[in-house]
Amino acid sequence: MRVEFRLDETLATTRREVIVIGAGVVGMATALTLVDRGHRVTVIDSAPEPGRGTSFANGAQLSYAYTDALASPSTLAQFPGLLLSRNPAFRFSPRLDLDFMRWTIAFLRNGSAGRFRRNTLEGLVLAAQSRRALHALVRRHAIDFAHDKPGKIIIYRSAKGFAAAQTLVADKMAAGAEQAILDADRAVAIEPALESIRSSIVGAIHTADEEVGDPHRFCTGAQAALARGGGFASLYDTAIDRIDAGGRRPAVLIAGGQRIEADQVVLCAGMASVGLAQGVGVRLPVMPMKGYSITARPGEEAPRVSITDSANRVVFARLGDKMRIAGLADLGRRDTAIEPSRLAALVSSARAALPGAADYDRIDSSWTGLRPMTPDSLPITRPIAPGVIANTGHGALGWTYAAGSAERVAAIIETGS
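Rules and cut-offs
- Residues numbered from 1 in each chain as written.
- Predicted model: local features only at pLDDT ≥ 70, side-chain atom pairs only at ≥ 80, totals over all residues.
- Heavy atoms only, no water.
- Helix = DSSP H or I, 4+ residues; strand = E, 2+ residues; numbered from the N terminus.
- Rg over C-alpha atoms; globule rule 2.2 N^0.38 Å.
- Buried < 20%, exposed > 50% of the residue type's maximum accessible area, 1.4 Å probe, protein only.
- Contact = heavy atoms within 4.5 Å.
- Areas by Shrake-Rupley, 256 points an atom, 1.4 Å probe, with all protein chains shown as cover.
- Lys, Arg positive; Asp, Glu negative; His and termini not counted.
- Charge placed at Lys NZ, Arg CZ, Asp CG, Glu CD.
- Core = buried A, V, L, I, M, F, W, Y, C linked by side-chain atoms within 4.5 Å.
- Disulfide = S-S within 2.5 Å.
- Phe/Tyr/Trp six-rings, centres within 6.5 Å; stacked < 30°, edge-to-face > 60°.
- Salt bridge = Lys/Arg side-chain N within 4 Å of Asp/Glu carboxyl O.
- Pairing = 2+ DSSP bridges.
- Axes fitted to C-alpha atoms, helices over the stretch in contact; angles between N-to-C directions.

(A) A look at the overall build of the chain. Looking only at helices and strands, the chain has ten helices and 20 strands in total. In terms of C-alpha radius of gyration, the chain reaches 21 Å, essentially the compact-globule figure of 22 Å for 417 residues. Reported as C-alpha extents along the three principal axes, the dimensions of the chain are approximately 65 × 50 × 45 Å. Each of the 417 residues in the chain was classed as buried or not, and the buried ones make up 57%. Long-range contacts, defined here as pairs at least 24 residues apart, represent 78% of the contacts in the chain between residues at least 6 apart. Summed over all atoms, the accessible surface of the chain reaches about 16,700 Å², with 52% contributed by carbon and sulfur. Seen as two clouds, the 48 positive and the 41 negative side-chain charges of the chain have centres 4 Å apart.

(B) Spotlight on the nonpolar core. The biggest cluster of nonpolar side chains holds 43 residues, and the ones touching the most others in it are Val 20, Met 28, Leu 32, Val 41, Val 43, Leu 134 and Phe 218. Contributions of two or more residues to this core are made by β1 (17-21), α1 (25-36), β2 (40-44), α4 (113-141), α7 (215-228) and α10 (398-415). In this view, Leu 134 contacts Leu 62, Tyr 64, Phe 145, Phe 218 and Ala 403; residues no more than four positions away in its chain are not counted. Core analysis: the second largest hydrophobic core is formed by 30 residues, Leu 182, Ala 187, Val 305 and Met 323 among them.

(C) Region of the structure containing unusual backbone geometry. The phi torsion at Arg 313 lies on the positive side, around 50°, for a residue other than glycine. Tracing the backbone through its elements, the reader meets Arg 313 in the loop between β15 (306-309) and β16 (314-319). Under the relative-accessibility criterion, Arg 313 is labelled partly exposed at 29%. Phi at Leu 328 takes a positive value of approximately 70°, unusual for a residue other than glycine. Of note, Leu 328 is situated in strand β17 (residues 322-331).

(D) How the structure looks around the state of the cysteines. Within the structure shown, the criterion is met by zero disulfides. Not part of a disulfide, Cys 219 finds its nearest cysteine sulfur in Cys 268, a span of 11 Å. Owing to a relative accessible area of 0%, Cys 219 belongs among the buried residues under this scheme. For Cys 268, a relative accessible area of 6% corresponds to the buried category.

(E) Looking closely at the packing of aromatic side chains. Counted under the stated rule, the structure contains seven aromatic pairs. With a centroid separation of 5.0 Å and 10° between ring planes, the pair formed by Trp 103 and Phe 107 is classed as stacked. With a gap of four residues between them, Trp 103 and Phe 107 both fall in helix α3 (residues 98-109), about one helical turn apart. An identical accessibility class is assigned to Trp 103 and Phe 107; each is buried.

(F) Structural context of the pattern of salt bridges. Within the structure shown, the criterion is met by 27 salt bridges. For the salt bridge of Arg 249 with Asp 263, the shortest nitrogen-to-oxygen distance reads 3.1 Å. Within this pair, whereas Arg 249 is found in the loop between β10 (240-244) and β11 (251-254), its partner Asp 263 is found in the loop between β12 (259-261) and β13 (264-267), the two being separated by 14 residues in sequence. The class for Arg 249 is buried, based on a relative accessible area of 19%.

(G) Spatial organisation of the sheet that holds strand β20 (residues 388-392). Read across the sheet, six strands follow the order β9-β2-β1-β13-β20-β19 without closing on themselves; strand pairing throughout is mixed. Either end of the sheet is taken by a strand with one partner, and the two such strands are β9 (232-235) and β19 (380-385). In this sheet, neighbouring strand axes are inclined to one another by 20° on average, regardless of whether the strands run parallel or antiparallel. Pairing analysis gives five bridges linking β19 to β20, with the strands arranged antiparallel.

(H) Representation of the environment of Met 287 in the model. Assignment of secondary structure puts Met 287 in strand β14 (residues 287-298). For Met 287, a relative accessible area of 2% gives the class buried. In sequence terms Met 287 and Gly 51 are 236 residues apart; their C-alpha atoms lie 20 Å from each other. For Met 287, the contacting residues outside a window of four places in its chain are Asp 99, Phe 100, Trp 103, Met 271, Leu 331, Gly 332, Arg 334, Arg 371, Pro 372 and Met 373.

(I) Looking closely at the sheet that holds β12. Strand order in the open sheet made by the three strands is β10-β11-β12, with antiparallel pairing throughout. Lying at the two open borders of the sheet, with one neighbouring strand each, are β10 and β12. Mean inter-strand twist for the sheet, computed between neighbouring axes without regard to direction, equals 20°. Summarising the sheet, β10 and β11 pair through four bridges and their orientation is antiparallel. Along β11, the bridge assignment pairs Arg 242 with Leu 253.

Have a look at this one:
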């Protein structure tokens, strides 16, 4: 991908004290970026270590070219069925509250062809910035997180879906992405593991330089790198009561009465950012989208290339000697309990998509998390109160967008815009 969005990487002229709330991939990338630029950072998270929430076991794909917004003409066409839970991979759980209704109306407005294209291409620019930024962080700090560049193939099982994908590929390539349109035979030639489902593949999109990486290992590696240097502190197992933005400097009030002040507070806490933002009088348009993953040993026909099955909404990523398989989208679900029926639906979809990809009968671990979705599928990176910046709403692309949105937050802190 040739498109890039570069920021000045010189150290900040004014050293700031910054509190980063949230220690997932977005929060840890933000902390690393700010410390590298000369700021003092304190990371606060309610979990006992970094990367324990939505970043713990997500799909692991770094999808720098696949930035397709969720709201699209095809999603709108499916909407009545989503409300009736007819699609086992994508479900919509409506709620009778004003925030949900506002979010849904905004989501439907973003489903037009023009807005879908705009939102997807804006995501492409952020993804390009993020890849460059992540590579720089990894070079500087030598973080080991099973980072690899196997490429990615998106398979399509319907002529209509494949035709729409080809139109979008043309727009992405005009913007600098490097992708190839494949028939089933060429897809199998690149990834032989697709042989067993060759007859069901109408077409595919291949991006040769797409990447993978273990998000949890990135978070713990970032913590170790930050701890080795100066200008960093962390508070884990720490619950936050609220943010006080009414004083000379913003402050975070910890459960038990402790008050921690800083020059800036950055909200990188996924769905938890919504409640904290409400405490400073701001309603962030973010809705949870519950997803699932399993991690298992690779099967006899496990792919080396990352695979996304568009019809079944399931992704496959090889992480060393493990296969990460993720999918399902339960929009509006707010609990983090693993529902056996939904986990079974993921395994069933994965078997149907690639029956030999993993040892489905011996799953090492299963997981669920809440991906914070905005109506336009673009993250919110902007000031929301005096001294308070939101960095949330990354949806299913939090791992992809994390380092780029961290740079954008750093620019806000240093320039005020």
